[in-house]
Amino acid sequence: MTKFDIFENSSSVFAIEWADEACLIMHNSSSNTHLWLSQDALSRNQFSTVFVYPQDAVSRATLIQNVKHNNHSAIKYGLRNLSGGITYVHEELVVGSNKVVSSIFTDITEIYQHDLEVSEVSERLELVLEGTRLGMWDWNPQTNDVVFDERWANMLGLELSELTQTLTDWEKRVHPDDIKLCLKELLAHVEGDVDFYENTHRMMHADGEWRYILDRGRVAKRDAQNNPIRFTGTHTDVTELKKAELKAKKALSAKNKFFARMSHEIRTPLHGILGTADILAKRVLSSDAEHLVQIINDSGEQLQILLNDLLDIAKIEDDFLDVSVKRCDIAKSLKTVFSLFKQKAESKGIDYTFANNTPTTRVVIKTDPSRLSQITSNVISNAIKFTDNGFVKLSIDTDDGECFVNVEDSGIGIEDTSSIFNPYTQEGTAASKSMGTGLGLSIVKSLCEKLAIKLDVTSVPKCGTSFRFNLGRIITTTINEKKTKEVENLNETGILKKKVLVADDNDINLLIAKTMLSECFEIVEIAQSGKTAIDLISKHRNYDLIFMDLNMPEMDGIETSEKINQLNLASPPIIVAQTADATEEAKTRLESANINNIITKPFTKEKLTALIHSLNISK
């Protein structure tokens, strides 16, 4: 048995004894060495020139000279194999007692390729981390030891040597207001409630400033008891992005406050105009006076439409436009809309007609009736505006169980129907363009999308335009006849024996509300401030209904309502919020104060009467 017999059955290890550069003996005939090396080339002293690459041959030659003094050396390199590829080997050179140099070769090709792949992955990861400026952390939750990398430290203006490599390095730098949520969300992931941990929090930079850090990670390893023992993740500095977001939110908040304030400032005097006109319209007037009152009403209503358009386009841009879908009698709703424009159409000498082409007089569908009225109002208004002679027709028809609404006119027509829904744009002559904002049809399109209404527009310039709305499936059930009759006859009911209080700081609003409510209730009293309202309620404790203005000075309507609820009255009054602030933020504030009834200024006697009926106040 020779000293190299141990390699005989190995497929990856073989040995060579050398006489200078010639192969004296090759051991392990069972290995795959015949695939790598040629015995003939080895015997002809050609190992280094045939099999070893030049850059490795020099290093190997130096090593062979040194091994004669050191008795042992090793080197790793690639051999040219007979198939034209590379076999990576680990060569260990030893000097025997007979001064013969021997090489023990180990095939490390698989190991080398694996290490190379690992190296490439590591390099790729390093490039990604460098390019995305991510800081890495590797935490053991059982010991609280953490491995932070240099980028993690640099992100906070620190050097790696300044860290203790414990959780304290992170925890002590997190903003006190943020740490509780951080730990809560970390725990949620550890306990398996969420697949990944993600939190944005503030951390103190070395310069004394707070940085916003996006922290992401996941549990990578658990022990036998399912305790996390390795939790890895990254930090990303998102300070600039967060500042931009906060700036945008601040700007949005300022814009919303502006619109809310403008809404209030415009609606309040508008309520005075329309409310007074509505009261006058109920009295016996001369024909001239009736005409003037009608002009006031029409002008006020147009101003109200304009205001609503401006508010709606702001909501659309911020994606805050809301709808409330319910069952409604579409024919009845459209008749109401149709009547609003009758006088305007007749004043232009236009043939203005309404046609219900359905088999029945009542067609019930599911939609938002107020938004549908807004859609049809916008289209009818445009049709009348752009039609100087001929006709404007509103009609309803059904087809295959679906309901369709049509608005047709013989006006100037539209050259480019694709552009009319863009905000702030109009077609038509200079004179017609001066009428309106160009927002109406943009709002129509957005509302149709919200309500899943399909809209088709066809138009021929100088001949007319047709808008066709597919409102969807018709509901087979009908509206309760008795309830409908009650609503229609509500104005015919007598005065209710109830005591009502109106709280408002505006004298005109008080006059309008008291005048309208006096036609419905036996006793109507007024309070010009929230404090006065509280005093009256505390003293009398017998009010059935309170109309509360929300924007009173010193003590607003919500605070006043909360104080009323704290009085613990035996029979608490119903509180109706009356406001000129029609924003969603205002509605949210009302909901938080448990005020469920609201009437928006300006309102008419009919709108007020409908609200009273919905409250189910018995005589």
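Whatever comes next refers back to the structure up there.
In this report, the structure presented in the accompanying data block is examined. (Residues numbered from 1 in each chain as written. Predicted model: local features only at pLDDT ≥ 70, side-chain atom pairs only at ≥ 80, totals over all residues. Heavy atoms only, no water.)

### A few points about the packing of aromatic side chains
Going through the model one piece at a time under the given rule, you end up with 8 aromatic pairs. Considering the side-chain rings of Y88 and Y112, the 3.7 Å spacing of their centres and the 15° angle between planes classify their relative orientation as stacked. Of this pair, Y88 sits in strand β4 (residues 86-95) while Y112 sits in helix α5 (residues 109-132); the two residues are 24 residues apart in sequence, bridging distant segments of the chain. For Y112, a relative accessible area of 34% corresponds to the partly exposed category. Judged by centre distance (4.1 Å) and plane angle (10°), the rings of F338 and Y352 are stacked. You can see F338 sitting in helix α11 (residues 330-340) and its partner Y352 sitting in strand β12 (residues 351-356), a full 14 residues away along the chain. (Phe/Tyr/Trp six-rings, centres within 6.5 Å; stacked < 30°, edge-to-face > 60°. Helix = DSSP H or I, 4+ residues; strand = E, 2+ residues; numbered from the N terminus. Buried < 20%, exposed > 50% of the residue type's maximum accessible area, 1.4 Å probe, protein only.)

### Structural notes on empty space enclosed by the protein
Applying the stated criterion across every chain, the model contains 2 cavities of 30 Å³ or more. Here the largest cavity is characterised by a volume of approximately 100 Å³. In terms of lining residues, the largest cavity is bounded by W137, W139, V146, F148, W152, L167, W170, L186, Y197, D215 and H235. Contributing elements (two or more residues each) for the lining of the largest cavity: β6 (134-140) and β7 (145-148). For the lining of the largest cavity, the per-class residue count stands at 9 nonpolar, 1 polar and 1 charged. (1 Å grid on protein atoms, 1.4 Å probe; cavity = no way out; pocket = protein on both sides within 12 Å on 5 of 7 lines; lining within 4 Å. Points joined across faces, edges and corners; volume = space filled by probe spheres on them. Nonpolar A, V, L, I, M, F, W, Y, C, P; charged D, E, K, R; others polar.)

### Overview of the packing of helix α9 (residues 239-281) against helix α17 (residues 507-518)
Helix packing geometry: the angle between the two helix axes and the distance between the axes. At a minimum axis separation of 9 Å, α9 and α17 run at an interaxial angle of 35°. The two elements α9 and α17 meet at a crossing, and its hand is left-handed. For the pair α9 and α17, contact is made by T268, H271, G272, G275, T276, D278 and I279 and by I508, N509, I512, T515 and M516, respectively. Across the contact of α9 with α17, the residue classes break down as 4 nonpolar, 7 polar and 1 charged. (Axes fitted to C-alpha atoms, helices over the stretch in contact; angles between N-to-C directions. Left-handed = near helix turned anticlockwise from the far one by under 90°. Contact = heavy atoms within 4.5 Å.)

### Thoughts on the pattern of salt bridges
Counted according to the given criterion, the structure contains 17 salt bridges. Ionic pairing is found between K601 and D504, a salt bridge with its closest N-O pair at 3.0 Å. One end of the pair, K601, is in the loop between β22 (597-600) and α21 (605-614); the other, D504, is in the loop between β18 (496-503) and α17, with 97 residues separating them in the sequence. Of the two residues examined, K601 and D504, each falls in the buried class. Each of the salt bridges in this network shares a partner with another, and the network as a whole consists of D207, R211 and D237. (Salt bridge = Lys/Arg side-chain N within 4 Å of Asp/Glu carboxyl O.)

### What about the sheet that holds strand β19 (residues 521-527)?
Either a parallel or an antiparallel arrangement is found when strands of a sheet pair, and the pairing is made through backbone hydrogen bonds. Read from one edge of the open sheet, 5 strands run β19-β18-β20-β21-β22, paired in parallel fashion. Only two strands of the sheet have a single neighbouring strand rather than two, namely β19 and β22. The average undirected angle you get between the axes of adjacent strands in this sheet is 20°. Of the pairings in the sheet, the one linking strand β20 (residues 545-549) to strand β21 (residues 574-579) comprises 5 bridges and is parallel in character. Each bridged residue has a counterpart across the sheet, and for L545 the counterpart in β21 is I574. (Pairing = 2+ DSSP bridges.)

### Description of unusual backbone geometry
That bond from K601 to P602 is cis: its omega, 0°, falls within 30 degrees of zero. Among the structural elements, P602 can be located in the loop between β22 and α21. Even without a glycine there, the phi angle at R541 is positive, about 55°. Its relative accessible area of 43% is what places R541 among the partly exposed residues.

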